[in-house]
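Analysis of the macromolecular model
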Amino acid sequence: MSFIFSLVAVTVLVLVPLVGVTVADLRWLFGVVVPYAAVATFLIGVSYRVLKWSNSPVPFRIPTTCGQAKGLPWIKTNKLDNPCSLPAVIGRMFLEVFLFRSLFRNTRMEYHQGPKVRYGSSKWLWLFGLLFHYSFLVVLIRHLRFFTEPVPMWVQIVEHIDTFFEMGLPLPGPDGLYVGLPLLAQSGVILLAAATLLFLRRVVIAQVRYISIAGDWFPLLLIIFIAKTGIIMRYVLKVDVVTVKKLTMSLVALKPELPADPISFMFYIHIFLVSFLFAYFPFSKLMHLGGVWLSPTRNLVNNSREKRHINPWNPEVKFHTYAEYEDDFREQMIEAGIPVEKEA
Amino acid sequence: MKIYDKPVIVIGVLIFLAIFAFPLWTALGTTPPQPKVELPKDMKECVAPTEYMKSSHMQLLNEWRDSVVRDGNRVWVSHTGKQYNMSLTNECLRCHNEKSKFCDQCHNYVGVVPFCWDCHTYPKEAK
């Protein structure tokens, strides 16, 4: 049900700009207003949510520890899984953010010879996740050629590496021509493939399907459709990229202007889906972009034994120490012959 | 609102904004530049309609290459029925004789590095 809802939602998101541009000629709305609104929502929304998260105090150390803590010198410490210092936490966070280490530990429960339960290694999620995120990163970097002038050298280098195989797609196209160029950008294909595999994982594995909600299906479908429209624009419809860049450069220079030459409807579908993804970002699970940095179970030093952490909202307790008590009653105590610590 | 670990949070948010709004910082206050394509003065039409050439000339060139190199066929019949010699150097560059004022304008603008010039030479330009 949640899947059907997500599929319908993405289909509507494809139809809205299609109808809006081809029938109602709302090019200004879909080419300028929507992208601006989406990027503003994204930047403000993500910043706001991170600031809002930082309202929550984390008074105590709550890291998930998966290894031996620092103890006696002759006991071997697992620094990465039970970080006892800042460098160890940085190492742990680096492996988590850039290599998805916790997914690498993913296990799968399986029945073995009847009722015996065994846990096997399951690296697929880690592999698809890694492929998905890094190809998405390369795709984003490649798109910077539409938003910078002149195009920075490092963007061109990334693109050059991404089209390393200098491979055309030998597909039959209109008018007896074939869809051969421009060169195949591997990142786009890998992105679509990895997103599809992550999607199929939710479909095929019954337990994962059971816990999947609209918030899981929708962003996956949205990204799959974004990748598809991008691939269609590049290899099949051949959108006029010079005209597209005239529009995008006017957007980033904050001097929006629709170019005189027409741009294919596919571009408007693509940019509308991307805009929706950006606007949807702060309200969704995609916020793991910020959340991965702020997970207290991973980014805290496990130093509860070395350092005292005090809860900031502890009520203030009025103490009356023995020393103060003795100050109050010292003379009476001496008169009654009760020993005192400090003579008068 | 109380922000715990304020320096770290603020620096993190600023890094986020710096990275994701990167094109805005670099383009701020500039006038969007435009490519200036110089068209041949004495010619009226290309081997295919302008719209098609704009978006798909690389595909046409690829097809020409395959036709010449694999089939030895150098004759191209255009949409108007006119015959052309399939050749980048002798046909395309005959009219578009200054690479820097034609090819490079758009290619540099959208950051495209075509591999034509890995093998082909282009006519010397007056400087």
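Residues numbered from 1 in each chain as written. Chains lettered and ligands numbered in written order. Predicted model: local features only at pLDDT ≥ 70, side-chain atom pairs only at ≥ 80, totals over all residues. Heavy atoms only, no water.

Some points on the overall build of chain A
Rules: Comment: elements are numbered from the N terminus, with helices defined as DSSP H or I runs of at least four residues and strands as E runs of at least two. We take the radius of gyration over the C-alpha atoms and set the globule estimate at 2.2 Å times the residue count to the 0.38 power. Burial status follows relative accessibility: with a 1.4 Å probe on protein chains alone, a residue under 20% of its type maximum counts as buried, one over 50% as exposed, and anything between as partly exposed. Should any heavy atoms of two residues lie within 4.5 Å, those residues are considered in contact.
Counting secondary structure elements, chain A contains 14 helices and 4 strands. The C-alpha radius of gyration of chain A comes to 29 Å, more than 25% above the 20 Å expected for a compact globule of 344 residues. If you line up chain A on its principal axes, its C-alpha atoms span 115 × 60 × 45 Å. Residue burial in chain A is summarised as follows: out of 344 residues, 40% are buried. In chain A, 63% of the contacts between residues at least 6 apart in sequence involve partners at least 24 apart.

A closer look at the overall build of chain B
Check the secondary structure of chain B and you find 5 helices and 2 strands. Put simply, chain B runs from its N terminus to its C terminus through helices and strands in the order α-α-α-β-β-α-α. Computed over the C-alpha atoms, the radius of gyration of chain B is 23 Å, more than 25% above the 14 Å expected from 2.2 N^0.38 for a compact globule of 127 residues. Principal axes of the C-alpha set define a box for chain B whose edges measure 75 × 35 × 30 Å.

Details of the layout of surface pockets
Residue and element names in this part refer to chain A. Selection criterion: Put simply, the grid is 1 Å and covers the protein atoms alone, a cavity is a trapped set of points that fit a 1.4 Å probe, a pocket is an open set with protein on both sides within 12 Å along at least five of seven lines, and lining residues have an atom within 4 Å of a point. Grid points are joined across faces, edges and corners, and a volume is the space filled by probe spheres set on the points. Throughout, the ten residues Ala, Val, Leu, Ile, Met, Phe, Trp, Tyr, Cys and Pro are labelled nonpolar, Asp, Glu, Lys and Arg are labelled charged, and all others, Gly among them, are labelled polar.
Volume-wise, the second largest pocket comes out at about 400 Å³. Along the walls of the second largest pocket sit 16 residues, with N106, S122, R201, I205 and V208 positioned nearest its centre. For the lining of the second largest pocket, the secondary-structure elements that each account for two or more residues are β1 (107–112), α5 (124–143), α7 (186–204) and α8 (206–211). The element best represented in the lining of the second largest pocket is α7, accounting for 4 residues. Residue composition of the lining of the second largest pocket, grouped by class: 10 nonpolar, 4 polar and 2 charged.

Section: the domain arrangement of chain A
Rules: Those domain boundaries reflect an automatic or database domain assignment.
What the domain assignment reports for chain A is domain 1 (2–312) and domain 2 (314–344). Computed over C-alpha atoms only, the centres of domain 1 of chain A and domain 2 of chain A are separated by 65 Å.

Some words on the confidence of the model for chain A
Definition in use: Every residue gets a pLDDT, meaning the predictor's confidence in that residue, from 0 to 100.
Taken over all residues, the pLDDT of chain A has a mean of 89, while the share at 70 or more is 96%. Ranking the elements of chain A by mean pLDDT puts strand β4 (residues 178–179) of chain A last, at 54, and helix α11 (residues 265–280) of chain A first, at 95.

As for the environment of G45 of chain A
Residues and elements named next belong to chain A. Turning to its location among the elements, G45 is positioned in helix α2 (residues 27–53). G45 sits in the buried class, given a relative accessible area of 16%. Taking the C-alpha atoms as reference points, G45 and P282, 237 residues apart in sequence, are found 5.2 Å from one another. With residues near it in sequence (within four places) discarded, G45 still touches A40 and P282.

Re the environment of S54 of chain A
Counted only if it meets this: Contacts described as polar in this section are N or O atom pairs within 3.5 Å, which, within protein, must combine one atom able to donate a hydrogen with one able to accept it, while residues neighboring in sequence count only if both atoms come from side chains.
Examined against the element boundaries, S54 of chain A turns out to sit in the loop between α2 and α3 (86–99). A relative accessible area of 5% places S54 of chain A in the buried class. The spatial distance from the C-alpha of S54 of chain A to the C-alpha of N106 of chain A is 29 Å, given a sequence separation of 52 residues. The contact partners of S54 of chain A, leaving out residues within four places of it in the chain, are K2, I3, Y4 and I9 of chain B. Among the polar contacts listed, one links the side chain of S54 of chain A to the backbone oxygen of L51 of chain A, at a separation of 2.6 Å.

Overview of the packing of helix α1 (residues 2–22) of chain A against α11 of chain A
Residue and element names in this part refer to chain A. As a reminder of what qualifies: Between the N-to-C directions of two axes lies an angle of 0 to 180 degrees, each axis being a line fitted to C-alpha atoms and, for a helix, fitted only over the stretch in contact. Note on angle classes: values under 35 degrees are labelled roughly parallel, values over 145 roughly antiparallel, values of 65 to 115 roughly perpendicular, and the remainder oblique. A crossing counts as left-handed when the near helix is turned anticlockwise from the far one by less than a right angle, and as right-handed when that turn is clockwise.
As a packed pair, α1 and α11 sit with axes 9 Å apart at the nearest point and diverge in direction by 135 degrees. Classed by the angle they form, the pair α1 and α11 counts as oblique. α1 and α11 meet at a crossing whose hand is right-handed. Residue-level inspection shows L13, V14, V16, P17, L18, V21 and T22 of α1 in contact with α11, the latter providing F265, Y268, I269, F272, L273 and F276.

Regarding the nonpolar core
Quick note on the threshold: We define a nonpolar core as any set of buried Ala, Val, Leu, Ile, Met, Phe, Trp, Tyr and Cys residues linked to one another through side-chain atoms lying within 4.5 Å.
Among the nonpolar cores identified, the biggest contains 56 residues, and F132 and F267 of chain A are the most heavily contacted of them. Broken down by secondary-structure element, the contributors of at least two residues to this core are α1, α2, α5, α7, α9 (214–237), α10 (241–252) and α11 of chain A together with α1 (6–20) of chain B. Sort the elements by how many residues they give to this core and α9 of chain A lands first, with 10 residues. Discounting chain neighbours no more than four positions away, the residues touching F267 of chain A are M233, V239, V244 and L247 of chain A. Judged by nonpolar contacts, the second largest core, of 9 residues, contains V47, L60, V68 and W76 of chain B.

Quick word on a nonpolar patch on the surface
All names here are of chain A. The line we're drawing: Each patch is assembled from residues with relative accessible area greater than 30% and no salt bridge, linking like charges that lie within 9 Å and nonpolar side chains (Val, Leu, Ile, Met, Phe, Trp, Tyr) that lie within 5 Å. All accessible-area figures derive from a Shrake-Rupley calculation using a 1.4 Å probe, and residue coverage is judged against the displayed protein chains alone. Here, a salt bridge means any side-chain nitrogen of Lys or Arg that lies within 4 Å of a carboxyl oxygen of Asp or Glu.
A surface patch of nonpolar side chains, amounting to about 580 Å² of accessible area, comprises F94, F98, L99, Y134, L137 and W293. Secondary structure elements with two or more residues in the nonpolar patch: α3 and α5. Top element by residues in the nonpolar patch is α3. It accounts for 3 residues. Among the residues examined, L137 registers a relative accessible area of 42% and is labelled partly exposed.

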